[in-house]
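Listed below are the residues making up each chain.
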Amino acid sequence: MTVFLRELRKTYEATAGTVTALDGVTVGFEQSTFTAIMGPSGSGKSTLLHCAAGLEQPTSGTVTVDGTVLGELGGNELTRFRRDRIGFVFQDFNLVSSLTAAQNVALPARLAGRRADAAAVTAVLDGVGLADRAAHRPSELSGGQQQRVAIARALFAQPAVVFADEPTGALDKATSHQILTLMRRMVDEHGRTIVLVTHDPVAAAVADRVLLLVDGRVTDEMAGADAAAV
Ligand code: ADP
Ligand code: ADP
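Remember, it's a predicted structure, so these values are computed and weren't measured experimentally.

**Student:** Describe the pattern of salt bridges, with residues and values.
**Tutor:** Applying the stated criterion to the full structure yields 8 salt bridges. A salt bridge links R9 to D23, with the shortest nitrogen-to-oxygen separation between them at 2.6 Å. Highlighted residues: R9 in strand β1 (residues 3-14) and D23 in strand β2 (residues 17-29), separated in sequence by 14 residues. Salt-bridge contacts for R185 lead to E189; the nearest nitrogen and oxygen are separated by 3.8 Å. One end of the pair is R185 and the other is E189, both in helix α6 (residues 173-190) and 4 residues apart, which spans about a single turn. Residue R185 is classed as partly exposed on the basis of its relative accessible area of 41%. Bridged by salt links that share partners, the residues R9, D23 and R217 form one connected network.

In structure tokens:
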């Protein structure tokens, strides 16, 4: 699935005046590619992901996902479209506190009206090293473990495109490597499209390309392999 952002602008009205979070971003994420977005804090990375995933509406410009312009969908259509095709890993996990890890992983698939096979849920939790935590609630898990449940949840529904906002920020090196390898495999073996925001050059090095965002604009682009040297 290809995602194309055209002249994306996003402004917020704050007490101190208008804040420009995105200042005309035009970029494409082709199917079967892994893109990392880097840039200073406040440069618009989260806003870019949220707009691209249809979680926030841009002030102007368009997001096109495989020919569908998100801004032209009605509220229910957009919700359904997102559920069927787009996975999102939030910076603050967004897990449902009353549900177990396994129930959290199964939730999007169930909301989309699909059956969530228990063995398949266990397999995806196993993939992020959490098979033995399936019955734990978020409050009984560490930050890194919660993040891994959030990643397992985003992967379980097998969306064509996954947006991930600093997914490895709270993880130790080994777990981080494990998650990045998992994501790389989704791209190489299953043709998924992944867009990842990260501060970590090691994480960016797993990507095919790295975009640098500064003050709401893409100011540079490089191959992932070159990011490791930065
Ligand atoms: P690059 O990745 O080389 O910087 P872009 O991100 O600007 O290039 O564009 C990615 C791809 O999307 C290009 O092949 C471009 O031709 C294509 N494209 C351009 N306009 C649209 C559009 N409106 N909808 C879908 N794809 C488009
Ligand atoms: P990054 O993810 O790169 O740290 P963000 O996308 O979170 O950047 O934010 C970009 C800019 O937009 C920042 O100046 C931030 O303060 C501002 N911003 C983000 N969300 C809001 C909001 N809901 N209201 C007002 N300003 C916001």
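**Student:** Describe the sheet that holds strand β5 (residues 68-69), with residues and values.
**Tutor:** Read from one edge of the open sheet, 4 strands run β2-β1-β4-β5, paired in antiparallel fashion. Each edge of the sheet is formed by a strand with only one pairing partner; in this case those strands are β2 and β5. As defined by bridge partners, β1 adjoins β2 across 10 bridges and the pair is classed as antiparallel. What sits directly across from K10, in β2, is L22. Packing of helix α1 (residues 45-52) onto the sheet brings it into contact with β1, β2 and β4 (60-65), and relative to β1 it is tilted by some 120°.

Analysis parameters
Residues numbered from 1 in each chain as written. Chains lettered and ligands numbered in written order. Predicted model: local features only at pLDDT ≥ 70, side-chain atom pairs only at ≥ 80, totals over all residues. Heavy atoms only, no water. Salt bridge = Lys/Arg side-chain N within 4 Å of Asp/Glu carboxyl O. Helix = DSSP H or I, 4+ residues; strand = E, 2+ residues; numbered from the N terminus. Buried < 20%, exposed > 50% of the residue type's maximum accessible area, 1.4 Å probe, protein only. Pairing = 2+ DSSP bridges. Contact = heavy atoms within 4.5 Å. Axes fitted to C-alpha atoms, helices over the stretch in contact; angles between N-to-C directions.

Read these as geometric descriptors, not functional statements.
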